[in-house]
Amino acid sequence: MVLFSILKRSLSRNPNTKKPIFAAFLSSHSLNPLPLRSSFYLVRSRIRDPYGSIVFFGNAGRLDLSHFPPWFRWFSSSEASEISEATTSDGLTVDGIVAKGWAILDENEGDWKSHAAAIAQSIQLIKKRLQWKKMSVRLEQLSVTINKVDLWDDPVFAGRVSREHGGLMSKMKEVKGFEQDLLEHIDMLKLAREENDQDLESESMKALLNMRRTAKEKELEALLAGDNDSCSCFIEVQAGAGGTESMDWAAMLVNMYKMWAQHHGFGVTVVDEMPGEVAGIKRATIKVDGEYAFGYAKAEVGVHRLVRISPFDSAKKRHTSFAAVAVIPIIGDVSTRYQIKESDLRIERFRAGGAGGQHVNTTESAVRITHIPTGIAATCQNERSQHSNKASAMSVLQSRLDQLEMARQAQLNAEHTQSLTEISWGNHIRSYVLHPYRMVKDLRTNYEVSDPDSVLEGDLDGFILNFLSSSLDKDEDKL
Amino acid sequence: MISRLPISTVHLRRAITIASFSPSTATQPYPPPLFLRPLTYSAAPSDLAAFRRWATARATVDGPRLESSDGGPGASQLLRELSWLLEDATSQSNGKILMRADLDELYRLWKERIEERKPFQYVVGCEHWRDLVLVVREGVLIPRPETEMLVDLVREVEGFSEGLWADLGTGSGALAVAIGRALEDKGRVFATDLSLDAVEVAGINVERYGLKDKVEIRHGSWFEPLKDVKGKLTGLVSNPPYIPSSDIPGLQAEVGRHEPKLALDGGMNGTDHLLHLCEESATALRPGGFFAFETNGNIQSELIANHMSTKWANCFHNVKTVLDFAGIKRFVTGFRR
Ligand SMILES: C[S@@+](CC[C@H](N)C(=O)[O-])C[C@H]1O[C@@H](n2cnc3c(N)ncnc32)[C@H](O)[C@@H]1O
């Protein structure tokens, strides 16, 4: 194992001069070559195996990220800080491979070139999705900051910088490692052919095939690589103008998100709900608990439009209704959260009136908490005690303030999703048409389905994944 | 009627009550709270859905009427209660609906809620208060949301967690349990009540939270059962009956018809018990000891605070009124000199 990592390093760093050593090493074992190679593959497969198989998405709208593995890699930090371009022994790079335009054939057909081309293409896509160039620039900036002698004079800032640095580093290391693996396997394969070693050749082919499959998973993982993507979140829905029509529509949307979340095994709780006078809701906040809830749900931010024959209109006319959706991450890392001062809060009993105390029996104990300096407020009324309503309202308030803070800092990695007040009603993202034809169409991606019922029952993954990939893939200068 | 039950007697009575929830001392049988019953029953989803439809319709039709008649529950409050009733009574397991009461009982309970105006908390047999789920039943006041804050006030007192505390008129034991849970090794709460129902129910709650070593319940009037700790108390809290007698007939039906008068009626001005407590606090507390009382609000708080910082100025200092979340001066706090 130790030998192998030395080998691996020498091979990829200094391909031309070290090649003879590699060959010599191999040939010294050539009497009994298998043990070396099998232990090599054993080690490697142990690294890869825990990834397991990841069921990502299918027609039934299931998408399960709960067992996503940590991206485990095997590199020393000195290696990672080197962002030099990896090459094979004869100078081939990932971009070089793509440029060759080798045909990508079916997994079971074709030679190594087909695998290599497929993997190289995935690596390019992954880098694009991770916004590689921006990432590199940011990493450089952070490295400069981190090396300043007075960094720790401000421990909060220092902590944030070093966390961001560490996070970026491990993401980049991960991809670099994958890239290097590809080039090494190509080297191995070429070597095996030169040496006419069929065992080695078939093992290298197998390894390339494995990489090809892993690469597909990594492409999808890269869609959810944002800083807060793995967080739980709040989803807020607000009815647009148009009274009962749009309040009913807002309630339908809330229901859609509840069902979507349940399909994914996320926990769902209604935190706050303002019912409409006749039907539906004016506004609601639900909490979606689970890994990557925010990563997916953020694709839903914006105005949703419904066209249908209204059940509330006796003239059976066609109506168009609007509702806005905002999504707020619930940041797990306490140290990065907005620091709320107790004295900046105003806590009020919601809908209080009359004498209170012993005079009144009520199960209504809603609380509204206002952050006076920003005017941001949160309400919770669905818990069974005032204490719990207060705690719950506090967590909504905290997340809203975190969101505001993120917008203020506008850090590269802290993507910020619009709050309800920032969303412009003119800018709708998706249309749900129930009449005169039936269709749901996303106006950002043009993705559409002709079965609105299934969408309204929570089958949203097609829309979400299409949006996530298109928003990350379209932007050419991100690479 | 003033007697001090040795704690062992309370335990004995409680043991019987917990085992069967049968009427050991009371004249009426009290069924166990819904959420503590076993999942003995099951229901077809369609039958449960039918109940839900019926109950929803009743809530929507009757809610507005109850609300406008005497400030009772409105439709949206009743609907929320319905979802909590089902939360307490049912459990889903592999697509099957298991129940802690049969459907007939659920129909009966919901009728009692709406027709008899039985408080929801008595219907399900519990009240969620702070982070606790307290057992309650007729004969015991349902703890109010406002009262939660008394616990926060206590927790701000320096060294509270190792102190000796008293909760006078403990009712369901809400304050005693919440304070007891926050205490450390040496901390203790003595909780008193004149009502045997309260002593029994408080005992159940103390037991449910495993606080038998921290909270001692004593039967008797106010400070009567606390002679052995006189002058030693770190602090005391009380939410005594404070409603002026003349207000009692006009109370909303849930309170006036169902909750015990002994827990509500504070005499002509509502201040009979409060004034008695103030006076006694001067000798019950140790020097530097803390007190916090809940009152009927604004005028009553001011009156009490005024009394304590003028008439008993040589006994107390730092007397303050504290607002509840509705902006009403709900509490009076201070320290013994
Ligand atoms: C308003 S309730 C408060 C109950 C509980 N502490 C709470 O906050 O939910 C008042 C309590 O005082 C009790 N009480 C009334 N007169 C009393 C007396 N003379 N001595 C002791 N307790 C008394 C009542 O039985 C009742 O439990």
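Residues numbered from 1 in each chain as written. Chains lettered and ligands numbered in written order. Predicted model: local features only at pLDDT ≥ 70, side-chain atom pairs only at ≥ 80, totals over all residues. Heavy atoms only, no water.

Helix-helix packing: each pair is described by the crossing angle between the helix axes and the interaxial distance. All names here are of chain B. Closest axis-to-axis distance for the helix α6 (residues 148–155)/helix α7 (residues 174–182) pair is 10 Å, and the angle between their directions is 30°. Helix-helix and strand crossings are classified by hand; for α6 and α7 the assignment is right-handed. Facing Leu150, Val151, Val154 and Arg155 of α6, the residues of α7 in contact are Leu175, Ala178, Ile179 and Ala182. Residues of the contact of α6 with α7, tallied by class, amount to 7 nonpolar, no polar and 1 charged. (Axes fitted to C-alpha atoms, helices over the stretch in contact; angles between N-to-C directions. Helix = DSSP H or I, 4+ residues; strand = E, 2+ residues; numbered from the N terminus. Left-handed = near helix turned anticlockwise from the far one by under 90°. Contact = heavy atoms within 4.5 Å. Nonpolar A, V, L, I, M, F, W, Y, C, P; charged D, E, K, R; others polar.)

Residues and elements named next belong to chain A. The strand order across the open sheet built from 8 strands is β2-β3-β1-β5-β4-β9-β10-β11, with neighbouring strands paired in mixed fashion. For this open sheet the edge positions go to β2 (267–275) and β11 (448–449), each flanked by a neighbour on one side alone. As judged from the 8 bridges shared by β2 and strand β3 (residues 281–289), these two strands associate in the antiparallel manner. Within β3, the position partnered with Pro275 by the bridge is Ile281. Packed on one face of the sheet, helix α10 (residues 244–263) meets β1 (232–239), β2, β3, β4 (302–309), β5 (318–330) and β9 (428–433) and runs near 45° to β5. (Pairing = 2+ DSSP bridges.)

Residues and elements named next belong to chain A. For the peptide bond that leads from His435 to Pro436, omega is 5°, which places it in the cis range. Within the element layout of this structure, Pro436 appears in the loop between β9 and β10 (439–442). We note that Asn196 has phi near 60°; this positive angle belongs to a residue other than glycine. Tracing the backbone shows Asn196 in the loop between α8 (155–195) and α9 (198–221).

Close contacts around the ligand come from 17 residues, with Gly169(B), Asp193(B), Trp222(B), Asn239(B) and Ala263(B) the closest. Nearby residues place the ligand at the junction of chains A and B. One nitrogen or oxygen atom from the main chain of Thr170(B) is found 3.3 Å from a nitrogen atom belonging to the ligand. At 2.9 Å, a side-chain N or O of Asn239(B) approaches an oxygen atom of the ligand. Protein contacts shield 97% of the accessible area of the ligand, which totals 590 Å² for the unbound molecule. Looking at the shell around the ligand residue by residue, the class counts come to 7 nonpolar, 9 polar and 1 charged. (Near = heavy atom within 4 Å. Polar contact = N/O pair within 3.5 Å; in protein donor to acceptor, adjacent residues only side chain to side chain. Areas by Shrake-Rupley, 256 points an atom, 1.4 Å probe, with all protein chains shown as cover.)

It is worth spelling out the UniProt feature "domain: Methyltransferase small" (unreviewed entry) in chain B at this point. In this structure's numbering, the residues bearing the UniProt feature "domain: Methyltransferase small" (unreviewed entry) are residues 150–242 of chain B. Between the C-alpha atoms that bound residues 150–242 of chain B there is a distance of 16 Å. The span itself is 30% helix and 24% strand. (UniProt positions renumbered as here; feature names shortened; annotations may be inferred.)

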